[in-house]
Amino acid sequence: MTQKSTAYCPAVIAAAFNELTGDVTCSNEFQEWFFGRFGDMDLSALSDNLWAMAGAAADINAFFEEKGFPEIKVDMPGVAAVFKLAVEWANQGQKSFMFLDEGTFQGAEFDVDDENVQLLSVEGQEYPVLKLATKDEGWNVYIQEMPEFDGASSELPDIAQQIVASSKGAVPHRAGAVMVPASSIDTDVDVDDFVGLEKDWLKVGAAVKKVRFEFDHKGAKAEAAFAAVLESAMGPQPYQVTKSYVAVFQHDDMAEAAFTAFVTPESWTRM
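As the structure is a prediction and not an experimental result, all values here were calculated from the model.

### Brief notes about the nonpolar core
In step 1: Counting 44 residues, the largest nonpolar core has V12, F17, F194 and F226 as the members making the most contacts within it.
In step 2: Here this core takes 6 residues from helix α1 (residues 10–17), the largest share from any one element.
In step 3: The contact partners of V12, leaving out residues within four places of it in the chain, are L50, A81, V82, F83, K209, A224, A225 and F226.
In step 4: Counting 13 residues, the second largest nonpolar core, distinct from the first, contains I60, F63, A225 and A227.

### Re the sheet that holds strand β4 (residues 94–100)
In step 1: Spatially, the 3 strands line up as an open sheet ordered β4-β5-β10, and their pairing is antiparallel. Each having just a single partner strand, β4 and β10 (177–181) make up the two edges of the open sheet. Neighbouring strand axes in the sheet, compared pairwise and without regard to direction, differ in orientation by 40° on average.
In step 2: As paired elements, strand β5 (residues 103–111) and β10 share 5 bridges and run antiparallel to each other. Note that in β10 the partner of G107 across the bridge is P181.

### Some details on the pattern of salt bridges
Oppositely charged side chains are able to pair whenever their charged atoms sit close together.
In step 1: Overall, the coordinates contain 9 salt bridges when judged by the stated rule.
In step 2: Between E65 and K73 there is a salt bridge whose closest N-O contact spans 3.9 Å.
In step 3: Accessibility expressed as a relative area gives 47% for E65, which makes it partly exposed.
In step 4: The partner of K210 in a salt bridge is D188, with the nearest N and O atoms 3.5 Å apart. Of this pair, K210 sits in strand β13 (residues 202–215) while D188 sits in strand β11 (residues 183–189); the two residues are 22 residues apart in sequence, bridging distant segments of the chain.
In step 5: Its relative accessible area of 53% is what places D188 among the exposed residues.
In step 6: Residues joined in a network through salt bridges with shared partners are E71, D186, D188, K210, R212 and E223.

### Focus: the pairing of β5
In step 1: Pairing of β4 with β5 involves 7 bridges; the strand directions are antiparallel. For S96, the partnering residue across the bridge sits in β5 and is G107.
In step 2: Between β4 and β5, which pair antiparallel one after the other, the connecting turn spans 2 residues.

### Remarks on a nonpolar patch on the surface
In step 1: Nonpolar side chains collect at one region of the surface, where Y239, V241, Y245 and W268 lie side by side and expose about 470 Å² of accessible area between them.
In step 2: Here Y245 shows up in strand β15 (residues 245–249).

### Notes on the packing of aromatic side chains
In step 1: Going through the model one piece at a time under the given rule, you end up with 17 aromatic pairs.
In step 2: Ring plane angle 40° and centroid distance 5.8 Å describe the contact between F17 and F194, whose orientation is recorded as tilted. Placement of the pair is F17 in helix α1 and F194 in the loop between β11 and β12 (198–199), with a sequence separation of 177 residues. Here F17 matches F194 in class, with each residue buried.
In step 3: Here F34 and F35 contribute two aromatic rings whose centre-to-centre distance is 5.2 Å and whose plane-to-plane angle is 75°, an arrangement assigned as edge-to-face.

### Focus: α1
Helical geometry note: an α-helix holds 3.6 residues per turn, so side chains three or four residues apart project in the same direction.
In step 1: Burial of α1 is extensive: 8 of the 8 residues sit out of reach of the surface.
In step 2: Looking at α1, one finds that the buried residues are P10, A11, V12, I13, A14, A15, A16 and F17.

### Quick look at the side chain of K67
In step 1: Tracing the backbone shows K67 in the loop between α3 (57–66) and β3 (78–88).
In step 2: Among buried charged residues, K67 stands out as having no salt bridge; its nearest opposite-charge side chain is E66, 4.1 Å away.
In step 3: Sequence-distant contacts of K67, that is, excluding residues within four places in its chain, are made with W51, V82 and K84.

What counts, and at which threshold
Residues numbered from 1 in each chain as written. Predicted model: local features only at pLDDT ≥ 70, side-chain atom pairs only at ≥ 80, totals over all residues. Heavy atoms only, no water. Core = buried A, V, L, I, M, F, W, Y, C linked by side-chain atoms within 4.5 Å. Buried < 20%, exposed > 50% of the residue type's maximum accessible area, 1.4 Å probe, protein only. Helix = DSSP H or I, 4+ residues; strand = E, 2+ residues; numbered from the N terminus. Contact = heavy atoms within 4.5 Å. Pairing = 2+ DSSP bridges. Axes fitted to C-alpha atoms, helices over the stretch in contact; angles between N-to-C directions. Salt bridge = Lys/Arg side-chain N within 4 Å of Asp/Glu carboxyl O. Patch = residues over 30% accessible without salt bridge, like charges linked within 9 Å, V, L, I, M, F, W, Y side chains within 5 Å. Areas by Shrake-Rupley, 256 points an atom, 1.4 Å probe, with all protein chains shown as cover. Phe/Tyr/Trp six-rings, centres within 6.5 Å; stacked < 30°, edge-to-face > 60°. Lys, Arg positive; Asp, Glu negative; His and termini not counted.

Take a look at the structure:
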């Protein structure tokens, strides 16, 4: 089976559901895992990179349009969030060519040093970890080869923790330079496991997630968008009169209506 590029951003999902009040009622084991691990996630460090809202379908669609995800459209009220991060390398690399078995690719070549471009050998692991410092305070990007991965994208946070943890205390790898293929991802992520989740009196009827990733010799980008449409968790939704209507006052003993009104939205009582 051909492996496909993917990505996972728990922060964008957590931020969206944080827009709702009340306790979470999970309907499956995945939801229990997600909210047990990420439900109380501290998102304060992402204040410049993460936006979330709850509202009508039109407002959510306008939100995605503004944030650069116009392809995401919903037709019901719900919650939405967008994560966007762009970093520049502290030591910019060079654009190069990589001649590999799979073909010729654009590469990003970096000179290894002890501070901004670290290539680290991890005990017991076949592949070294590349740690790239960025010009953005607090942000580093870690890269490690993983030829085989056939799990769900939701397993990637565990792998990320392992890579970062293993790099601490690792020793320098014997190489003066390192090359990484320039890359780009733009794909959807299956988030159907969130359907059925309840929070307060609302239930998730559908969910959608999109991720983007770019990497080259100048820097990298990571973007994610998530939306969950909501319905009442208290049984079938009531039918709503949404157009102008006619109200008829009719007595059983009369042949004619005593009073008939045609009511347009301009006469509806606003709250």
